[in-house]
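Spelled out, the chains give:
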Amino acid sequence: MSNKFKKKRLVIAISAAVSCALSASVIAQQAVVGEQNAVDDTEVIEVSGIRQSIQSAQILKQYADTVKDVITASDIGALPDRSVTEALQRVPGVTIERFAASDDPKHYADEGTSVLVRGLDRVRSEVNGRDSFSANPYGGLSYEDFPAELLGAVEVVKNQTADLISGGIAGTVNLITRKPFDSDERLFAVSAQANYADYREETTPSFSALFSDNWDTDSGKFGVLIAASDSEYKTRGDGFGLGNFHSRGPVDIFSYDDWGTASPGVNAGQYSNPCIPGAADWRACGAGFEDTVQFSAEDAAAYIPAFEGEALEGQPDGVTYYSPASYSLSTAENDRSRTGFTAALQWQSVDEKITATLEHINSKASLEWREYIMTPADQGFQPWMANALQWFDESDQGRPLTVDGNGFLTSGVGRGSSPEVPLQFRSRFNFNESTVKDTALNVKFTPTDRITVEVDYQTIDSEQVVHNNSITSRINGNQTGEHAPFFLDLRGSTPSIEFLSPNVSNPPDVEPNTNPILRMSNGMQQEEYNEASADTFQLDVEYKLDGAFTGIKTGLYYSDKELIVRNTEYEGWQALGTPWNGQASYNASPQVVPELFDSISFADHFNGETILGDYNSFLFPKMELAENYEQTLRDGCGTWSALGNAMDGSGRCAVSYADSTNSVFSHFSPRHISSSNTERTEFYVRADFDVEASDILIKGNFGLRYVNYQLESTGGISLPPSSRRGTSETDSLYQVMQSQY
């Protein structure tokens, strides 16, 4: 067999955008003209499977009125993707976020999260061509929460036209669910899949079912579709991270306190030599120290050190080394579940002039994860972080200090040296659940072949709940050098770390009522409960023309959206066992309350490739303490949880938001609650044209869209107590907040 194609038209694709919501795009499509003889014995070849899916997507793209990519249900089902987000990464120009959040690079996502189009994140989301809305703090749709099994196709529109709802600066992603009239036949489909997680050695199932039928009656054509899906996805993720790298080299200047103790750099109030000018005692400056000065705050601010940290052992003169300030080891088990339900009713009049579609979509998705993370407190670029770890060469024991050609440390023995940087063992529990209920009615009226009128109404209710709790135990910073030294090796394809003291796994007992090696340190609670609702109305009218202009479209769009965000953010940190009180710390140690701790093995971290040696298990607070955070604090008060740490200033032990004295709604105080109401009114007109000149077909459209956007928001701010505001009339925290807010 052979196919002959005669090309008569040149493919042209031009798009342009003009400000003030004026947009224009010109699309030309390749027309393939072939001759076909209609004879009774014509051989029919039916194309099915993935090739048919590709051709269907190509046809949708070819006849689109703007730059668009499409993936169909067959694409989503045939590819090894677990969600809509992951399927979208197959579209040219679309990338997805691989972190749990853009501002949280320490937590990788087992599935893709947010979507970027051509590198931009201002992507608007739609469901069946309608503006989507949910209760996350940004109001947009979380694609990873939407069951892929309910979809018929996904469109990615990369160029704005006048008839599209405004806001898709980077692009618009439209999730299209299945409809009864998509097929003239009765359909019944059931699918089952399983996912095996090798790290957890668990298998999780996914099920989906669909029923669709339509029939002709004297009253018109009726159709019904019901689809449901339920899926679970369990994974485990291991993490190995390093903190900021700091330049290391010899100290160029020291400051000396009143006792002659040296510290690197220029520190306000200290002296340039180990003496005090004008002193009458042993601290007086003698011969050779006549130039001694006391450094001022201006001197300290103006000082720029040659290196951020002190030189490493064996570092040559004139060479700069770079070493990490911290490390982190983590393992997290993630349990994701999705439940989706969609129902659609369609009716078409006998004369096929009226088509009505009633749809309901219900999506519920949750992600629950339990994480153990071991890390020195990485505090960014605080001045003490550069010297928080000192590095040593123990080549005689097979633990050398090495650097690469650029001076970056690749191996060495690390010992903590800063009291400000403890070694933390954190147990964290996070639960995030989102629910979206979307009901819509669409009526399409075609009184003539030229006129089409479409009316659409949509209502959405959504809710999001977040419980994010952690409890941390720690070895104090001034103890880590002795009890938690380690050998870090970055020379291979996989980083590895070997702890060199058994005390990091099994802290020995201490004298009663003295500071222990390991103790309960602090807790953190973050709560979130958001609600969203939206009502939208849309009217579109299209009139088809003959000639160069093929049609005119115009329409109205109105939406009223309400979003209430209740979020405690990360202000809920509270001390539990206090390091400044030996007895309180002792009471919070595994020596006194061993029932609060679990020994967690990291022996299989990265399949046993990253944590080497015999000391690979560590005492973490039990995960149940974080899961039941509120009851944990109640039960611990007065025993291992010390008095005086309450975040509400009541003098009690650390308290949860549920037991706080200033909550006005559930866990939330007025400062945690904000609301916004958005009303949008939009109007557009668009003209389509189709002209041919010298065998060149030029098709396109241009139009104007008017947008009226009104936003009303409320919220609160909490100023610090007077005792912590400072006294300066211009520079205190209180005055700064007063003047700026």
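None of the values given here were measured: they were computed from a predicted structure.

A few points about the overall build of the protein
Of the regular secondary structure elements, the protein holds nine helices and 35 strands. Residue burial in the protein is summarised as follows: out of 741 residues, 45% are buried. Here the protein has roughly 37,200 Å² of accessible surface; of this, 52% comes from carbon and sulfur atoms.

Examining the nonpolar core
By size, the foremost hydrophobic cluster in this structure holds 44 residues, and its most contacted members are L329, M374, F425 and F499. For this core, the element with the most residues is strand β24 (residues 423-445), which contributes four residues. Grouped together as the second largest cluster of nonpolar side chains are 27 residues, A87, V117, L151 and A227 included.

Some thoughts on the environment of T339
As for its position among the elements, T339 is in strand β19 (residues 327-348). Given a relative accessible area of 39%, T339 falls into the partly exposed group. Along the backbone, T339 and T435 are 96 residues apart, and their C-alpha atoms lie at a distance of 9.6 Å. The contacts of T339, once residues within four sequence positions are left out, are P147, S229, D230, N362, S363 and K364. Of the polar contacts made by the side chain of T339, one reaches the side chain of D230; its length is 3.0 Å.

Regarding helix α8 (residues 629-636)
For α8, the complete set of buried residues consists of Y629, T632, L633 and G636. Here the buried residues of α8 occupy an arc of 95 degrees about the axis, which is enough to place them on one side. Against β25 (451-475), β28 (519-544), β30 (574-575) and α7 (623-627) lie the buried residues of α8. Following α8 by one or two positions, G638 adopts a phi angle in the positive range, close to 90 degrees.

Digging into the packing of aromatic side chains
The relation between two aromatic rings is expressed through the spacing of the ring centres and the mutual angle of the planes. Per the counting criterion, the structure on display carries 16 aromatic pairs. On the basis of an interplanar angle of 65 degrees and a centroid distance of 4.8 Å, the ring pair of Y327 and F486 is categorised as edge-to-face. Placement of Y327 in strand β19 and of F486 in strand β26 (residues 486-489) is noted, with a sequence separation of 159 residues between them. When its relative accessible area of 3% is taken as the criterion, Y327 is described as buried. The exposure class of F486 is buried, given its relative accessible area of 2%. Put simply, the rings of Y327, Y372, W391, F425, F486, F499, F602, F618 and F620 touch in pairs and so form one group of aromatic residues. For the cation-ring pair, K221 lies above F181, with the distance from its terminal atom to the ring centre recorded as 4.7 Å. The aromatic ring of W259 is capped on one face by R283, whose charged end is 5.8 Å from the ring centroid.

Concerning unusual backbone geometry
Positioned with a positive phi, N128 is a non-glycine residue whose angle comes to about 55 degrees. Exposure remark for N128: the relative accessible area of 16% places this residue in the buried category. In this model, N513 sits at a positive phi of 65 degrees, which is unusual for a non-glycine residue. Within the secondary structure layout, N513 lies in the loop between β27 (496-499) and β28.

Focus on the sheet that holds strand β9 (residues 130-131)
Backbone hydrogen bonds are what pair the strands of a sheet, in a parallel or an antiparallel way. Spatial ordering of the open sheet is given by β5-β10-β11-β8-β9, a layout of five strands whose pairing is mixed. In this open sheet, the two edge strands, each paired with only one partner strand, are β5 (68-72) and β9. As paired elements, strand β8 (residues 123-127) and strand β11 (residues 171-177) share five bridges and run parallel to each other. In the sheet register, S125 faces β11, and the bridge partner there is V173.

Comments concerning the pattern of salt bridges
Think of it this way: side chains of opposite charge can pair up when their charged atoms draw near. Per the stated rule, a full pass over the model turns up 32 salt bridges. Two residues, K179 and E359, come together in a salt bridge whose shortest N-O distance is 3.4 Å. Of this pair, K179 sits in the loop between β11 and β12 (187-197) while E359 sits in strand β20 (residues 354-376), and the two are 180 residues apart along the sequence. Each of the two residues, K179 as well as E359, counts as buried. Across the pair R680 and E682 runs a salt bridge, and its minimum N-O distance is 2.7 Å. The same class applies to R680 and to E682, which are both buried. Here the residues in one salt-bridge network are R200, E202, K234, E333, D335, E368, R370 and E627, joined through shared partners.

Brief notes about the state of the cysteines
All told, the structure shown has two disulfides when counted by the stated rule. The residue that forms a disulfide with C637 is C653, at a sulfur-sulfur distance of 2.1 Å. In this structure, the disulfide formed by C637 and C653 twists by about 75 degrees around the S-S bond and is classed as right-handed. Of this pair, C637 sits in the loop between α8 and β34 (673-693) while C653 sits in the loop between α8 and β34, and the two are 16 residues apart along the sequence. The partly exposed category is assigned to C637, whose relative accessible area is 36%. On the basis of relative accessible area, C653 is assigned to the buried category, the value being 1%. If one numbers only the bonded cysteines of the protein, in the order they occur, the disulfide pattern is 1-2, 3-4.

Side note on the pairing of β28
Here β25 pairs with β28 via 24 bridges, running antiparallel. Bridging across to β28, I460 finds its partner in A534. Relative to β30, β28 runs antiparallel, the two sharing two bridges. Bridge pairing in β30 places N522 opposite A575. Pairing analysis gives 14 bridges linking β28 to strand β29 (residues 549-566), with the strands arranged antiparallel.

A look at the side chain of S134
Its place among the elements puts S134 in the loop between β9 and β10 (151-157). Side-chain polar atoms of S134 contact the side chain of N136, separated by 3.0 Å.

Concerning the side chain of D489
Along the chain, D489 falls in strand β26. In terms of polar contacts, D489 uses its side chain to reach the side chain of R491, at 2.8 Å. Those residues in contact with D489, other than ones at most four positions away along the chain, are T410, S411, T494, P495 and S496.

Re the environment of I451
By the element assignment, I451 lies in strand β25. Taking the C-alpha atoms as reference points, I451 and V541, 90 residues apart in sequence, are found 7.3 Å from one another. Setting aside its immediate chain neighbours within four residues, I451 contacts F445, T446, E542 and Y543.

Some thoughts on the pairing of β8
A regular strand places its side chains so that they alternate between the two faces of the sheet. Counting buried positions along β8 yields five of five residues, so the element is predominantly enclosed. Here two bridges tie β8 to β9, and the two strands are oriented antiparallel to one another. When the sheet's bridge partners are listed, E126 is paired in β9 with D131. In this antiparallel pair of consecutive strands, β8 and β9, the connection spans two residues, and N128 shows a positive phi of 55 degrees.

Concerning a nonpolar patch on the surface
A contiguous nonpolar surface patch, about 640 Å² in accessible area, is contributed by L345, L358, L441, V443, V455, Y457, F537 and Y558. The set of elements that each furnish at least two residues to the nonpolar patch consists of β24 and β25. Residue position: L358 is located in strand β20. Since its relative accessible area comes to 40%, L358 is described here as partly exposed.

What counts and how
- Residues numbered from 1 in each chain as written.
- Predicted model: local features only at pLDDT ≥ 70, side-chain atom pairs only at ≥ 80, totals over all residues.
- Heavy atoms only, no water.
- Helix = DSSP H or I, 4+ residues; strand = E, 2+ residues; numbered from the N terminus.
- Buried < 20%, exposed > 50% of the residue type's maximum accessible area, 1.4 Å probe, protein only.
- Areas by Shrake-Rupley, 256 points an atom, 1.4 Å probe, with all protein chains shown as cover.
- Core = buried A, V, L, I, M, F, W, Y, C linked by side-chain atoms within 4.5 Å.
- Contact = heavy atoms within 4.5 Å.
- Polar contact = N/O pair within 3.5 Å; in protein donor to acceptor, adjacent residues only side chain to side chain.
- Arc of directions from axis to C-beta.
- Phe/Tyr/Trp six-rings, centres within 6.5 Å; stacked < 30°, edge-to-face > 60°.
- Lys NZ or Arg CZ within 6 Å of the ring centre and 35° of its normal.
- Pairing = 2+ DSSP bridges.
- Salt bridge = Lys/Arg side-chain N within 4 Å of Asp/Glu carboxyl O.
- Disulfide = S-S within 2.5 Å.
- Patch = residues over 30% accessible without salt bridge, like charges linked within 9 Å, V, L, I, M, F, W, Y side chains within 5 Å.

That is the geometry; function is a separate question.
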